[in-house]
There are 2 protein chains.
Amino acid sequence: MRVFLFGVGVVGRHLLRLMAEERRALSDRHGLVPRLVGVADSRGRCICPDGLDEQAVLQHKEQGGSVGTMARWGTLGGTGEDVESIRSSGAEVIIETTPTNLREPIRAIERLRAAMALGCHAVCVNKAPLATAMPALVEVASYNRVHLRYSGTVGAGTPVLAWAERCTLGDRILSTRAVLNGTTNFILTRMADHAETFEAALAEAVRLGYAETDPSNDIDGLDTAAKIVILANHAMRLRVGLPQVRITGIRGIPLDHLRQARERRCSVKLIGQIDAEGVRVGPAEVPVGSPLDVPGSMNAVTLTLERTGEVSLVGRGAGGRETATAIIRDLVDIWQCTTRAGIGSARA
Amino acid sequence: MRVFLFGVGVVGRHLLRLMAEERRALSDRHGLVPRLVGVADSRGRCICPDGLDEQAVLQHKEQGGSVGTMARWGTLGGTGEDVESIRSSGAEVIIETTPTNLREPIRAIERLRAAMALGCHAVCVNKAPLATAMPALVEVASYNRVHLRYSGTVGAGTPVLAWAERCTLGDRILSTRAVLNGTTNFILTRMADHAETFEAALAEAVRLGYAETDPSNDIDGLDTAAKIVILANHAMRLRVGLPQVRITGIRGIPLDHLRQARERRCSVKLIGQIDAEGVRVGPAEVPVGSPLDVPGSMNAVTLTLERTGEVSLVGRGAGGRETATAIIRDLVDIWQCTTRAGIGSARA
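How each quantity is defined
Residues numbered from 1 in each chain as written. Chains lettered and ligands numbered in written order. Predicted model: local features only at pLDDT ≥ 70, side-chain atom pairs only at ≥ 80, totals over all residues. Heavy atoms only, no water. Helix = DSSP H or I, 4+ residues; strand = E, 2+ residues; numbered from the N terminus. Rg over C-alpha atoms; globule rule 2.2 N^0.38 Å. Buried < 20%, exposed > 50% of the residue type's maximum accessible area, 1.4 Å probe, protein only. Contact = heavy atoms within 4.5 Å. Areas by Shrake-Rupley, 256 points an atom, 1.4 Å probe, with all protein chains shown as cover. Lys, Arg positive; Asp, Glu negative; His and termini not counted. Charge placed at Lys NZ, Arg CZ, Asp CG, Glu CD. Core = buried A, V, L, I, M, F, W, Y, C linked by side-chain atoms within 4.5 Å. 1 Å grid on protein atoms, 1.4 Å probe; cavity = no way out; pocket = protein on both sides within 12 Å on 5 of 7 lines; lining within 4 Å. Points joined across faces, edges and corners; volume = space filled by probe spheres on them. Nonpolar A, V, L, I, M, F, W, Y, C, P; charged D, E, K, R; others polar. Least-squares fit on C-alpha atoms with pLDDT ≥ 70 in both. Arc of directions from axis to C-beta. Buried area = accessible area lost by both parts, 1.4 Å probe. Salt bridge = Lys/Arg side-chain N within 4 Å of Asp/Glu carboxyl O. Polar contact = N/O pair within 3.5 Å; in protein donor to acceptor, adjacent residues only side chain to side chain. Pairing = 2+ DSSP bridges. Axes fitted to C-alpha atoms, helices over the stretch in contact; angles between N-to-C directions. Left-handed = near helix turned anticlockwise from the far one by under 90°.

## Side note on the overall build of chain A
When its secondary structure is counted, chain A shows 13 helices and 12 strands. Its C-alpha radius of gyration of 21 Å places chain A within 12% of the 20 Å reference for a compact globule of 348 residues. Overall, chain A is about 65 × 50 × 35 Å in size when its C-alpha atoms are taken along their principal axes. Split into buried and exposed, the 348 residues of chain A put 60% on the buried side. Within chain A, contacts between residues at least 6 apart in sequence are counted, and of these 70% link residues at least 24 apart. About 13,300 Å² of surface is accessible on chain A, with carbon and sulfur atoms providing 49% of the total. Considering chain A, the positive charge centre built from 41 side chains and the negative charge centre built from 38 side chains are found 4 Å apart.

## Structural notes on the nonpolar core
If you look at the biggest cluster of nonpolar residues, it comprises 150 residues, and the most contacted ones within it are Trp163 and Ile187 of chain A together with Trp163 and Ile187 of chain B. If near-sequence neighbours (up to four positions away) are discounted, Trp163 of chain A is found in contact with Val301, Leu303, Val311, Ser312 and Leu313 of chain A together with Pro159, Trp163 and Leu313 of chain B.

## Re empty space enclosed by the protein
Under the defined criterion, the tally for this structure stands at 1 cavity of 30 Å³ or more. In this structure, the largest cavity spans a volume of roughly 30 Å³. Gly170, Asp171 and Arg307 of chain A together with Glu22, Leu26, Arg29 and Ile328 of chain B are the residues that line the largest cavity. Its residues assigned to classes, the lining of the largest cavity comprises 2 nonpolar, 1 polar and 4 charged.

## Concerning the relation of the copies chain A and chain B
Its rotation angle being 180 degrees, the transformation that places chain A on chain B also includes 0.0 Å of axial translation and leaves an RMSD of 0.0 Å. The symmetry that links the two subunits is that of a two-fold axis. In terms of C-alpha distance to the rotation axis, chain A has Leu313 of chain A as its closest residue, with the C-alpha 2.3 Å off the axis. When you check the interface residues of chain A against chain B, 100% turn up at the interface there too, and the contact is symmetric in its surfaces.

## Quick look at helix α2 (residues 23-30) of chain B
Residue and element names in this part refer to chain B. Those residues of α2 lying buried are Ala25, Leu26 and His30. In an axial view of α2, the angular spread of the buried residues amounts to 100 degrees, which keeps them on one side of the axis. For α2, exposure combined with an orientation more than 90 degrees from the buried face picks out Arg24 and Asp28. Its buried side turned inward, α2 meets α13 (320-339). Taken from the residues just after α2, Gly31 is the one with a positive phi, measuring 70 degrees.

## Points about the interface of chain A and chain B
Opposite the 61 residues of chain A that make contact, chain B presents 61 residues. Carbon and sulfur atoms supply 54% of the area buried between chain A and chain B, which totals about 5,200 Å² over both sides. The tally of links from chain A across to chain B stands at 6 salt bridges. The partner of Glu22 of chain A in a salt bridge is Arg307 of chain B, with the nearest N and O atoms 3.2 Å apart. At the surface where chain A touches chain B, the tally comes to 12 residue pairs in polar contact (both at pLDDT 80 or more). Of all the secondary structure elements, the ones that give two or more residues to the side of chain A that touches chain B are α2 (23-30), α6 (127-143), β6 (148-149), α7 (160-167), β12 (309-316) and α13 (320-339) of chain A.

## Describing the pattern of salt bridges
Residues and elements named next belong to chain A. Evaluation of the coordinates by the stated rule reveals 58 salt bridges over all chains. The closest approach of N and O atoms between Arg23 and Glu54, which form a salt bridge, is 2.6 Å. Taken as a pair, Arg23 in helix α2 and Glu54 in helix α3 (residues 54-62) lie far apart in primary sequence, 31 residues in all. When the shortest N-O distance is used, the salt bridge between Glu110 and Arg113 registers 3.8 Å. Residue Glu110 and its partner Arg113 are located together in helix α5 (residues 106-117), separated by 3 residues, close to a single helical turn.

## Describing the side chain of Lys127 of chain A
All names here are of chain A. By secondary structure assignment, the location of Lys127 is in helix α6. In this structure Lys127 comes out as buried when scored by relative accessible area, which is 14%. With sequence-adjacent residues up to four places away left out, Lys127 is seen in contact with Thr100, Leu102, Thr153, Asp223, Ala226, Lys227 and Ile230.

## A closer look at the sheet that holds strand β7 (residues 173-179) of chain B
On the basis of which strands lie adjacent, the open sheet formed by 12 strands has the order β8(A)-β10(A)-β9(A)-β7(A)-β11(A)-β12(A)-β12(B)-β11(B)-β7(B)-β9(B)-β10(B)-β8(B) and mixed pairing. Since the sheet does not close on itself, it has two edges, and those belong to β8 (246-247) of chain A together with β8 (246-247) of chain B, each with one partner. Both β7 of chain B and strand β11 (residues 298-305) of chain B contribute to a ladder of 6 bridges, which runs antiparallel. When the bridges of β11 of chain B are listed, Ile173 of chain B appears paired with Leu305 of chain B. Strands in contact with helix α11 (residues 222-236) of chain A are β7 (173-179), β8, β9 (266-275), β10 (278-287) and β11 (298-305) of chain A; relative to β9 of chain A, the strand with the most contacts, it is inclined by about 45 degrees. Packing against the sheet, helix α7 (residues 160-167) of chain B makes contact with β12 of chain A together with β7, β11 and β12 (309-316) of chain B, and its axis sits at approximately 10 degrees to β11 of chain B.

## Brief notes about the sheet that holds strand β3 (residues 44-47) of chain A
All names here are of chain A. The sheet built from 6 strands is open, its strands ordered β3-β2-β1-β4-β5-β6 with mixed pairing. Because the sheet does not close on itself, it has two edges, and the strands there are β3 and β6. Pairing of strand β1 (residues 2-6) with strand β4 (residues 93-96) involves 4 bridges; the strand directions are parallel. Within β4, the residue paired with Phe6 across the bridge is Glu96. Seen against the sheet, helix α1 (residues 10-21) touches β1, β2 (35-41) and β4 and runs at an angle of roughly 155 degrees to β1. Along the sheet face, α5 touches β1, β3, β4, β5 (121-124) and β6 and points at about 170 degrees away from the line of β4.

## Points about the packing of α7 of chain A against α11 of chain A
All names here are of chain A. Where α7 contacts α11, the two axes come as close as 9 Å, and the packing angle between them is 35 degrees. Two packed elements cross with a definite hand, and for α7 against α11 that hand is right-handed. Residue-level inspection shows Val160, Leu161, Ala164 and Glu165 of α7 in contact with α11, the latter providing Ile230, Leu231, His234 and Ala235. Looking at the contact of α7 with α11, its residues break down into 6 nonpolar, 1 polar and 1 charged.

## As for the side chain of Asn126 of chain B
All names here are of chain B. Take Asn126: it is sitting in the loop between β5 (121-124) and α6 (127-143). Given the relative accessible area of 2%, Asn126 is considered buried. A polar atom in the side chain of Asn126 sits 3.1 Å from the side chain of Glu96. A distance of 2.9 Å separates a polar atom in the side chain of Asn126 from the backbone nitrogen of Ala128. Beyond its immediate sequence surroundings of up to four residues, Asn126 is in contact with Glu96, Thr98, Pro99, Thr100, Asn101, Ala108 and Thr153.

Structure representation (structure tokens):
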């Protein structure tokens, strides 16, 4: 399977490492042999229809070079060049790992759209195009009869989306509550455990590398909102985007709120919620010891199903290697969907 | 889709109710129209290739009659008659909901085998044939190019098996620990919370209807063992059966064990475990507040993945309606696998 990688940041590099490490296992277990026919970073691109060596790309990047200086190609540019690059590489799948920019998602949307219009499948771990244009992108995939996968956007390596979708077969999701952002969860846990103010806990999160130096996407709730939008579209078949989400972050949340919650044997979490009243994000209380009461950087999702009641999934929600694992999972999934007869398998 | 239902106990009746209630939704959402062409209970059977009315079957059963006295057919008998019944009904799927009998699984094994040899898909919520002969049954399904589904055998309505399988795409399960039996979990929780002896807690479980009057399958660990065997085969591709499981139950477990665990801030649970040392079942400690520390009749499964770390699923693990929901899920799944082109869908 010929793949074109867009974005060679933390996730992209982990993916290149995994592709090299797992070559044998992917071939043995799934009959899948991914071949890297193109790679693009913010400064350029390198195309090689015969296949690039992942280790060489990694080495070049670690020395600070752009992939554009590696080989024949090496230009920046607009959408037209994305199309041209994909076409000339002969890629069958594009992997979109450029940084999530929720305020300017257009470039990534156009890239996905163009690739799918060319008949390429797409794996996307960039939340921006999905959080802002998921109904349209799903339609483009369907119209062009290609697969669009994005399991790494929610829960990183924890397969939240596939699990939630499976829960809807023969049942209905009445509501969803989820803790989907590790930074805010670290801050809230730290405030409650150490009786620290928001500002002190945030500074600690930045110091430890849990928060970006500009942590606004996290603490103002945008990251959680993007993920809950993707979950709403995927598992609950709602056609919503970021503008439809009522968002309250945790910036400046008073320590007293957390103290009072603790007296009621509750923890305060930044909760993304989907129910009859719509899609929203905000701090809310969850009972101590309940599945949503996860510590630190863990993610948790609780679905209330019409017949099965509450089911919860708990797992690590971030990490470059975990997200790269989700990309491999999506590649295997696309490979299986395009090759299997769909008969004779015994899956439950 | 023409279905033949074997077993009209609690699960079978919930299924008949769901099929009637959900007729419209299944057709609208999935294009699936299940038609009941045969039904068998322990005393007889009724076959009607034009389709039986679910409500009529339910009413007849509630008046204490066997389905065998409903219509043309009505006989007991051996495997030969199962085959003959399935064949003459024109069924495309059989649904096996007869009671789990781990000591005498042969009849159910033979029924599944015969149905699949006839080209029927099979949905099975009876744990006995799978816990004792899963590798063989999976082979029969594969050889005959039919689907064998059994999602209701582990976790009832909570889709444990599909979730665990999804986790293995692009990752590897290193070990599995699971709480899969509500009765023992109720007893252990009750002992710890009320400082009761095993015998007193068991008596309470029987009084409240959580335990059968013969609770040995639960408290001696066989039920957990059956489920962990199915999980091991399905998600970890191990070819094991019940005889390969080292089983220790909780019968007569001393209250002191639970007290000492509590002092270490742990709970004692009956844990099914799969790792490099094999498959085993026995009481073990889990940290208070960890995902496996579930109360009462809840089930919980924690997978340790090579790259993603620990992921846990928590949900209600029993109930006739929940299990019937799992059967509907399997029917939808089979329907989708046999009809979809496998292209143009946007799943993550």
